[in-house]
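Residues per chain are reported as follows:
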Amino acid sequence: MILSKKNPKRTKSGKAWYKFSRNPLSVVGLVIVLFVIFSALLAPWVTPYPAHSGKYVNYEEANLSPSAHHLFGTDVFGRDVFTRTIYAFRSSLIMGIVVLMIVVPIGVTLGLLAGYFKETWIDIFIMRITDIFLSVPPLILALAITSVLKPNLTNAMLAVSVMWWPWYTRLVYGMATSLRNEYFVQSAELLGASKFHVLFKEILPNCLSTILTKMTLDMGWVILIGASLSFVGLGEQAPKAALGSMVADGAKYLPEYWWISVFPGLAIMLIVLGFNLLGDGISDLFSMEEA
Amino acid sequence: ASTSEKTIRLTNAWPCYIDPAIAADFASSVSVANLYDTLVFPTHDGEVVPHLAESWTISEDGLTYVFKLRSGVKFHDGSELKAEDVKFSMDRLLAIGQGYSYIFKPVIDSVEANDDYTVTFKLKKTFGPFLYSLVRLYVLNKDLTMAHIEQNDEFGELGDYGKRWLLTNDAGSGPYQVQEMKLEEYLHAVRFADYWKPFDPNAPDSFRNIGTTETATVRTLIQKRELEISDFRQPAEFYDNVAKVDGINVAKLFGGSTLFTMMHTKKAPTDDVHFRKALAYSIDYDAIANHIFPGSHQCQGPVSFILPGHNPNVFQYKRDLEKAKEELALSPYADKLDEYPVDLVWCAEVPDEEKVALLIQANAADIGIQVNVIKDPWMKIIEEVATPETTATMYLIFVSPHYAEAGSMIQSKYHSSSSGTWEQSEWLQDEQLDSMIEDAIDTIDKDARFEKYGKIQEYLVDLCPSLFLIDQPENYAYQDAYVDWVPADRAERGEKVNPVMGYNQYMLDIKVYPDKRDELVK
Amino acid sequence: MSQLILDIKNLTVNFRVYGGYLKVLNEVNFSVAQGEKVGLVGETGCGKTTTMKTVMGILPQPPGKIVQGEIFFHGKNVLTMKKSEVEKMRQTGISMIFQDPTAALNPVFTIGQQLHDVVQHSQSSDDGQSRLSAHQVSVRALQDVSLPDPKRILDNYPLQLSGGMRQRVCIALAIARSKQLLIADEPGTSLDVTIQDQILRLLNQIAAEKQMAIILISHSLGVIREWTNQVYVMYAGSIVEESTTEELFSHPLHPYTQALMDCVPRLTGGGTAEGIPGRIPDYFNPPTGCRFHPRCPRAFALCSEKKPALYRVNDTHQVACYLYQEANQ
Amino acid sequence: MNAVLEVKKLKKYFSTTKGIVKAVNDVSFNITPGETLGLVGESGSGKSTVAYTVMGLYQPSGGQILFQGQDIALSHHKRKRVLKKELQIVFQDPGSSLNPRQTIENILTLPIRLHDMDYKKGIAEKVQEILSLVELPVEYMEKYPRSLGGGEKQMVAIARALATNPSLIVLDEPTSALDVSIQAKIIHKLIEIQQEKNLGYLFITHDLSLMRNIAHRVAIMYLGRIVEIAPAQQFFETPYHPYTRMLISSIPVVSSEEEKLKPGKIPSTGEIPSPVNMPAGCVFHPRCANRMPICDQEEPTDFEIKPGHWVKCHLWSPKK
Amino acid sequence: MNFSRFLTRRLGYSIFVLIGLSIVVFIIARMVPGDPARAALGPRASQEAVDKLRDKLHLDESLVVQYAYWIKSVFQGDLGESLLTRRPVIEDIKEFLPATLELALFSGLFMAFFGILLGILSARHSNTWIDNLIRIFAYIGIATPAFVVAIILLLVFGMYYQVFPTIGRLSQWVDAPTKITGLITLDSLLTGNLTAFFDALKHLMLPAFSLALGGMFQEARITRSSMLENSKKDYVSAARSYGIPERTVIFKYLFKPSIIPTVSILGLDFASLMGNAFLVELLFNWPGISRYGINVMLRKDVDAIIAVIMVLGIVFTLINIIVDIIVAYLDPRIRLVERGD
Ligand SMILES: Nc1ncnc2c1ncn2[C@@H]1O[C@H](COP(=O)(O)OP(=O)(O)OP(=O)(O)O)[C@@H](O)[C@H]1O
Ligand SMILES: Nc1ncnc2c1ncn2[C@@H]1O[C@H](COP(=O)(O)OP(=O)(O)OP(=O)(O)O)[C@@H](O)[C@H]1O
Ligand SMILES: [Mg+2]
Ligand SMILES: [Mg+2]
């Protein structure tokens, strides 16, 4: 904001930043996300008790309230809640990133195919499968998958992925069905471009901004879902820290030992908030509206 | 608006089955104990006293038991309880084959009603604790049950044996009768006016067994005085915190419950006794007893100190890293620990177990053993332990006796017949041990029996199939200010409480004072 | 001369964008007298719609910003009116027909619902018709624009109508209650010639009947020539020429007007013109002086220095170009 | 001269829930190299449908499309790539015919890459060459369509069509979304290129004045049929079909000389009927000023009233 | 009309989807490791009893045969027996589904009412402090998991402000109305039992609110942005220029087209509420189908698992169809537009 006022030159990146930062909340989002990413990466250096993130218990120091030694207090195992919260950013981020990395390519490709071949059997087949997966209650599906496999982070991610891709398929399907009738797509076809080119070079780039926006928003949702899953015991296994299970487990000690669950809870909110704000900023950035 | 009503509300982990042929777990046991009567009644000191049976005789060979029934006992529908009903109850229990039938199945030969008030039990073999086990035979109203049979071919012409109906109704003669059974939600029972024993004027008019154990939920309920007695598997912090609330107290009832880490003796690396002993020496028992489960104490062997037949002289492992390392060195796995990680499963429904699990993990790490801590829901654990292949290396589990004697614990914990159940994931399959246990249990003379129990306990401690962690009291938060709860008072005075599961929640041992409650709420 | 209904003075409007302002309207002067049919021509994007939106009080602000100027409607400044007065003015005074009939009709309400509201909210102020029910007035409005089967059309949604019918509905909405001034923003650009012809004929007829003044906006010179008697030529946010229609088409003075005329393909044949070189200026950094000078074949030094005023060439003709400066003196 | 495109009795029907839309009904025409055929008609008369069917975007319901003598009445999915090179189209809306997420360079690279003309020469140079053909500066290569004006976008679309070096270009109202000045520029350029490359144009529009100036022959469509087709000059001097006359008389013009050319005012009345419920007989009869009893009975046939001048009207048909 | 065709097609697809779902679910349910019979009867049950049950459940047959048995019994109106509650699954569904429906219904109402209200408020005062405040709350609301909201509400209202009851659907001392629909609020109104109505309403507040919170703000955001977007449309300016008063312009001409996307999302959110209510149901001891679903899942209660997922799937599909109908009602473009070729 200040930047753009001082520098009224209308450069491309300057304009992008102007659009993005017109809403100060977007900048807040970016700052939060960067903060979370860096503190997750640098956890061993920025936390006071890295050992507390692993196999460590000290019942003599259990349930200490927040103090200078323990910023967020200690949990029922005597571990530093601050340290564990920062470490827990890791599994949350990994969860979000991996799930999206699985879900987006699959969902998007299927959506593109179904949308492009609308009203053919490809469309019907893909979209019905999508509907089937959409109609299974996600938590039950996740539970089923992790009971067939093992309740660890990898399988939790797999489970979330299985329930998540249909949303991308739906989203892209809607866009692809309308884009395929655009004149620029038809122009490419009439030039003799391959289906692959049409799908991935003509149609896909026009869905990207929406997909990207959804991805940032979804980062938050995936992390939330991850938290809900760890409530039922799916996800990162103890003693590794996961925000969801920290809240779920800590909630048992409310309200007296509020710090055990409140700080990780705030951390979840912070991440989700960060990604949501960032997502809104990105959608502002891509908005076609001239500025 | 609420209640000047005398009511007791309990929370418990569900499901809860009130059919005596199916009931076996805690919530169910509490319920049937109040809805039904038994021939004999368990007492605080582990004895039994006449109840429906006024007296009994036992044959010389210990194979025939003849009971003389009390007359004038009424079922909830007003009909009289007769010997035929007792016979019917046992037959039905054995036919259905669930619930507590496993206690009787190996021993009962037949039950006969000699006349309306005399019933004879014939046993296949001698069974020392038979009289004690009869606290698990709940007497059903035969006519009422038969009237509600649904026809399907499950039990031939007996149809479903009344199972459907008994799911939400009772056919008992107990002090309370079902008013409403909402599956998955609550059981609401009210006092049976025609009960054959007198009620104290302050005995509860009704009780409600509520199916939740969510800490936050239980916490709010008890604080709102909408719950009189909590369940007992809440985390220690919960009890610390509620104890600070005005009028709420925490009762610590030693009911024979013992926390074990069961080790798979047929799977590497816990198939090696030295490895197991190394673990046993690495554990910080004091930390568990003092910090995780305050009020509990370290076990002495596999049998809880409160059970008749406990051997107070067996060896106790203590944390001793030197010794642990010595033992580990003797183990064939000593130099390839990395190849044999150990899984430790704890039960998701008992949050405090995680503390123990993580402690064991940290303790084991001290001698170089890698332990993976796994949280599994109860149902999953039951599944896994069914076969030796799917059973994990270690489980952290609370075990309680089925009837008040060391034999119950020893048998259900270590006899081959119990392997594959959650009570024995060790897969001991030790023939010598099996015959020692069978011999002990078949011994009718009590002293001789207890002598044999003592030997078995020594044998087991040496074999070290499990880590004998702590004898744990069941912790109940309850409304001390307006509820008089006999077991709680006894426990407070350091006296023994009823070791038979379900009987500490016997409503006739409780008195409520609603006016005191109303004062508190205001 | 008859009385002025609308008088716009020195209207300057900017749009706020990244890094500054689009200086779109630049001291627009424009007036309409009673019963007049005024045309406003100019290339795409030269500010015709923006001017009229400002008159109607529907300029989106932000990003729009009225920098200076006054708009008098019957002698009252619209820009300083109270909200209720503006509303009143819209109900009884001015109406606007939007450029794109499809976009101007609410897609989720039937024609009847939309028409009823319009009729109802100007009822009190409209004595002559208030004895009729809203429904009757609506039906009559549709009949006025010669829509067949008006009762059925009342129950239709916009998307069920053809383009020509939608345009007529828009007109019906605008004139359902008699107004003094009707602004028609390119009515029929999206239609075929025959239908466009019908629409314009209709519009004129209604205006004559109801004694409305009309402002007809178009970049089609043919339409303007045929349907107006006074013309303003707009280029890049300024009025560059004003005259009676006849005079303008026989003697276009401003180089821009002349160039524009040359671009129009003639029915007489004679091939095609090359078009005016260059394009409409970037409003972010508009040329100084006369905004047309970079494209003007007859530009000279002064043109880039100072914006020319409107010079009166004769009784009916004014032009903002230094070429005609002397004529004024 | 041999026709580059010959369309014979082309039909295209759409089935909709309301019934069958006969969007194109027995349309025949041909185009020779270097010729511009103007296809004029009101909205919904089927002009675009003709164009799209020729391009293969629609599978025809009947008739033949002969391209250099070869029948190509197929969906474009089944057409060979070499054929696609020869036939190109410019759409009406310059905004939506360019992919907003690709640079001008990418847009123009595609046809070159696909049709491999002098690939060695370097694609960038080739793109520059094409850009200069439509007189756009080289800097535009890096721009995105959104930063271009409407006219410039249309120029890019034309450049893309030219890039394959086609022999026929279909122009579906390429200037009707633009204003006169830009229209003049584009038209000028199109004519220049046509002369240079001897291109055939199928030029679709509803602007008759424009046709007067660029078309060699003009065809008038009404409700899926061509009702009159004639060399341009003749067409404007002696229009025969009542619809044509009505059309010409409605054209707004800017000078009195033009006014004189217009036939006496024939006020346009009525709406164009729905293509589902076509009127019986001559489809124009409900709006026709010269209506006769036969008109709602029988459909008129084509009649060559002068060499190369065909009319579909009972007024002129010899049967009368 | 076109619309009925659209509806038949939707229904046709739904049947296809439900068949597909039943296969997927069937496989999921059977894939879960372990012996359902053993799980049902408990570790101490006799082998005899277990074998009997295995036989009854056709557990020893192949998957295809099992599926055939299942389909056959479904057509006989028999969904099998729950091993958890030990009664016909259909009765469990009848009991637990209405509880969740009622909960979801009220959450849906909260989401719709407050979501749209806040959205309008935010859009009307866009970029003022009101808007910013609502947006910040919206972000926080969206970022807070339902179970956290539930716990907070539970503690606040349970321990400090004991206005709302925290467990169950009715108070102990209130007589339940005769079961008609299974929705207590509705039944109590139908039977004129106002005490029960208000008691049930009070019981609904906390769980419904916890479930609704995230969605509520989601709706608010969508309403806000679609209102802002539509406010730039010509038809809004046009309505103003015809002299229609500002209030009518906003609350009629701008409002109706703007809530269409809100309604679509609301429908999806509402449909997924059913399956996601688990944690909330657990915390408020709400005897709903979502909690039941998880319990039977943990129990490997095969027939119940299949039935629950199928029922939730059907509800999901139905709600989506209903939403489509509502959206089509609101938006004639969907109802009337031809989808040619
Ligand atoms: N909301 C807006 N934000 C930014 N710029 C705007 C906005 N509205 C209009 N403009 C700018 O104002 C200029 C004039 O637009 P306007 O719509 O008034 O032109 P016009 O003469 O009506 O053109 P047309 O003939 O295409 O309708 C355009 O260049 C446009 O970029
Ligand atoms: N895909 C389609 N499905 C159904 N009907 C169609 C389809 N495409 C065109 N039509 C119908 O065919 C008729 C001819 O349409 P076409 O687009 O060819 O007209 P046009 O002359 O190009 O009109 P315009 O000048 O508006 O572009 C119209 O009535 C139209 O509704
Ligand atoms: Mg305009
Ligand atoms: Mg067209």
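Let us look at the structure shown here. Predicted model only: the values in this text are computed from it and were never measured.

The rules we used
- Residues numbered from 1 in each chain as written.
- Chains lettered and ligands numbered in written order.
- Predicted model: local features only at pLDDT ≥ 70, side-chain atom pairs only at ≥ 80, totals over all residues.
- Heavy atoms only, no water.
- Helix = DSSP H or I, 4+ residues; strand = E, 2+ residues; numbered from the N terminus.
- Rg over C-alpha atoms; globule rule 2.2 N^0.38 Å.
- Buried < 20%, exposed > 50% of the residue type's maximum accessible area, 1.4 Å probe, protein only.
- Contact = heavy atoms within 4.5 Å.
- Areas by Shrake-Rupley, 256 points an atom, 1.4 Å probe, with all protein chains shown as cover.
- Lys, Arg positive; Asp, Glu negative; His and termini not counted.
- Charge placed at Lys NZ, Arg CZ, Asp CG, Glu CD.
- Buried area = accessible area lost by both parts, 1.4 Å probe.
- Salt bridge = Lys/Arg side-chain N within 4 Å of Asp/Glu carboxyl O.
- Polar contact = N/O pair within 3.5 Å; in protein donor to acceptor, adjacent residues only side chain to side chain.
- Nonpolar A, V, L, I, M, F, W, Y, C, P; charged D, E, K, R; others polar.
- Donors = N, O, S within 2.8 Å, 3.2 Å for Na, K, Ca; no water.
- Near = heavy atom within 4 Å.
- Axes fitted to C-alpha atoms, helices over the stretch in contact; angles between N-to-C directions.
- Parallel < 35°, antiparallel > 145°, perpendicular 65-115°, else oblique.
- Left-handed = near helix turned anticlockwise from the far one by under 90°.
- Pairing = 2+ DSSP bridges.
- Patch = residues over 30% accessible without salt bridge, like charges linked within 9 Å, V, L, I, M, F, W, Y side chains within 5 Å.

1. Notes on the overall build of chain C
Phase 1 of the analysis: Each helix and strand counted, chain C has 12 helices and 12 strands in total.
Phase 2 of the analysis: Over its C-alpha atoms chain C spans a radius of gyration of 20 Å, differing by no more than 12% from the 20 Å that the globule rule assigns to 329 residues.
Phase 3 of the analysis: If you line up chain C on its principal axes, its C-alpha atoms span 65 × 50 × 45 Å.
Phase 4 of the analysis: Taken over 329 residues, chain C has a buried fraction of 60%.
Phase 5 of the analysis: By sequence separation, contacts in chain C at least 24 residues apart represent 64% of the contacts at least 6 residues apart.
Phase 6 of the analysis: Of the roughly 12,500 Å² of accessible surface on chain C, 49% is carried by carbon and sulfur atoms.
Phase 7 of the analysis: Separation between the mean location of the 31 positive side-chain charges and that of the 30 negative ones in chain C comes to 6 Å.

2. A look at the interface of chain B and chain A
Phase 1 of the analysis: Contacts between the two partners involve 25 residues from chain B, matched on the other side by 26 residues from chain A.
Phase 2 of the analysis: Interface area for chain B against chain A, summed over the two sides, is near 2,200 Å², with a carbon-plus-sulfur share of 55%.
Phase 3 of the analysis: It is E237(B), L358(B) and K375(B) in chain B that bury the most area against chain A; as a group they hold 23% of the surface buried on that side.
Phase 4 of the analysis: E256(A) is the partner of R219(B) in a salt bridge, and the nearest nitrogen-oxygen pair spans 2.6 Å.
Phase 5 of the analysis: Run the count over chain B and chain A and you get 6 residue pairs in polar contact (both at pLDDT 80 or more).
Phase 6 of the analysis: Looking at the side of chain B that touches chain A, the elements that each hand over two or more residues are α7 (215-223), α8 (236-243), α10 (285-292), α12 (352-366) and β14 (371-376) of chain B.
Phase 7 of the analysis: Counting residues per element, the side of chain B that touches chain A draws most heavily on α12(B), at 8 residues.
Phase 8 of the analysis: Here the residues of the side of chain B that touches chain A sort into 10 nonpolar, 5 polar and 10 charged.

3. Things to note about the coordination of the magnesium ion (ligand 3)
Phase 1 of the analysis: Donor atoms from the polypeptide that bind the magnesium ion (ligand 3) are T49(C) (OG1) and Q99(C) (OE1), placed at 1.8 to 2.4 Å. Pair noted here: T49(C) is in helix α1 (residues 48-56) and Q99(C) is in the loop between β6 (94-97) and α3 (101-104), with a separation of 50 residues, a long-range link.

4. Things to note about the site of ligand 2
Phase 1 of the analysis: Near ligand 2 lie 16 residues; those nearest to it are S43(D), G44(D), K47(D), S48(D) and T49(D).
Phase 2 of the analysis: Each of chains D and E places residues near ligand 2.
Phase 3 of the analysis: Within the backbone of G46(D), one N or O atom sits 3.0 Å away from an oxygen atom of ligand 2.
Phase 4 of the analysis: Within the contact set of ligand 2, an oxygen atom lies 2.9 Å away from a backbone nitrogen or oxygen of K47(D).
Phase 5 of the analysis: Every element with two or more residues in the shell around ligand 2 is listed here: β1 (5-16), β2 (19-31) and α1 (47-55) of chain D.
Phase 6 of the analysis: Among the elements that make up the shell around ligand 2, the one with the highest residue count is α1(D) (3 residues).
Phase 7 of the analysis: Here the shell around ligand 2 is composed, by residue class, of 5 nonpolar, 8 polar and 3 charged.

5. So, the packing of helix α4 (residues 111-120) of chain C against helix α7 (residues 163-175) of chain C
Residue and element names in this part refer to chain C.
Phase 1 of the analysis: Two numbers describe how α4 lies on α7: the axes approach to 9 Å, and their chain directions differ by 20°. By the angle class used here, α4 and α7 are roughly parallel. In this structure, α4 crosses over α7, and the sense of that crossing is right-handed. Counting all contacts with α4, which are made through I111, Q114, L115 and V118, the residues of α7 involved are V169, A172 and L173.
Phase 2 of the analysis: Taken together, the residues of the contact of α4 with α7 break down into 6 nonpolar, 1 polar and no charged.

6. Focus: the pairing of strand β15 (residues 394-399) of chain B
Successive side chains on a regular strand alternate, one facing one side of the sheet and the next facing the other.
Residue and element names in this part refer to chain B.
Phase 1 of the analysis: The element β15 is extensively covered by neighbouring structure, given that 6 of its 6 residues are classed as buried.
Phase 2 of the analysis: Along β15, one buried face is formed by M394, L396 and F398 and the opposite face, lined by Y395, I397 and V399, is buried too.
Phase 3 of the analysis: Of the pairings in the sheet, the one linking strand β11 (residues 248-263) to β15 comprises 6 bridges and is antiparallel in character. The residue bridging F260 from the neighbouring strand is I397, located in β15.
Phase 4 of the analysis: Bridging between strand β13 (residues 342-347) and β15 involves 3 bridges; their strand directions are parallel.

7. Here's the deal with the pattern of salt bridges
Phase 1 of the analysis: As enumerated under the stated definition, the model contains 60 salt bridges over all chains in all.
Phase 2 of the analysis: Its salt-bridge partner being D131(A), residue R128(A) comes within 2.6 Å of it at the nearest N-O pair. Here R128(A) pairs with D131(A), and both are found in helix α6 (residues 121-135), just 3 residues apart, close to one helical turn. The pair formed by R128(A) and D131(A) is uniform in burial state, with each residue classed as buried.
Phase 3 of the analysis: Note that E186(C) is salt-bridged to K48(C), the shortest N-O span being 4.0 Å. Of the two residues, E186(C) sits in the loop between β7 (181-185) and α8 (193-210) while K48(C) sits in helix α1, which places them 138 residues apart along the sequence. Pair check on accessibility: E186(C) and K48(C) agree, each one buried.
Phase 4 of the analysis: Sharing partners across several salt bridges, the network here consists of K182(B), R87(E), D92(E) and E95(E).

8. Focus: the sheet that holds strand β6 (residues 108-115) of chain B
Working definition: the strands of a sheet are paired by backbone hydrogen bonds and lie parallel or antiparallel to each other.
Residue and element names in this part refer to chain B.
Phase 1 of the analysis: Spatial ordering of the open sheet is given by β4-β5-β7-β6, a layout of 4 strands whose pairing is antiparallel. Across the chains shown, the open sheet's two edge strands, defined by having one partner strand only, are β4 (53-58) and β6. Strand-to-strand twist in this sheet, taken as the mean axis angle between neighbours without regard to direction, amounts to 20°.
Phase 2 of the analysis: Two elements, β4 and strand β5 (residues 64-69), share 5 bridges in a ladder whose sense is antiparallel. Counted as the bridge partner of W56 is F67 from β5.
Phase 3 of the analysis: Packed on one face of the sheet, helix α2 (residues 83-96) meets β5, β6 and β7 (118-123) and runs near 160° to β6.

9. What to know about the environment of Y506(B)
Phase 1 of the analysis: Looking at the element boundaries, Y506(B) is found in the loop between α17 (486-492) and β18 (510-512).
Phase 2 of the analysis: Along the backbone, Y506(B) and E431(B) are 75 residues apart, and their C-alpha atoms lie at a distance of 39 Å.

10. Topic: a nonpolar patch on the surface
Residues and elements named next belong to chain E.
Phase 1 of the analysis: On the surface, I15, I19, I23, I27, M31, L63, V64, V65 and Y69 cluster together to form a nonpolar patch covering roughly 780 Å² of accessible area.
Phase 2 of the analysis: With 5 residues, helix α1 (residues 2-31) is the largest single contributor of residues to the nonpolar patch.
Phase 3 of the analysis: Looking at where Y69 falls in the secondary structure, it is placed in helix α4 (residues 63-75).

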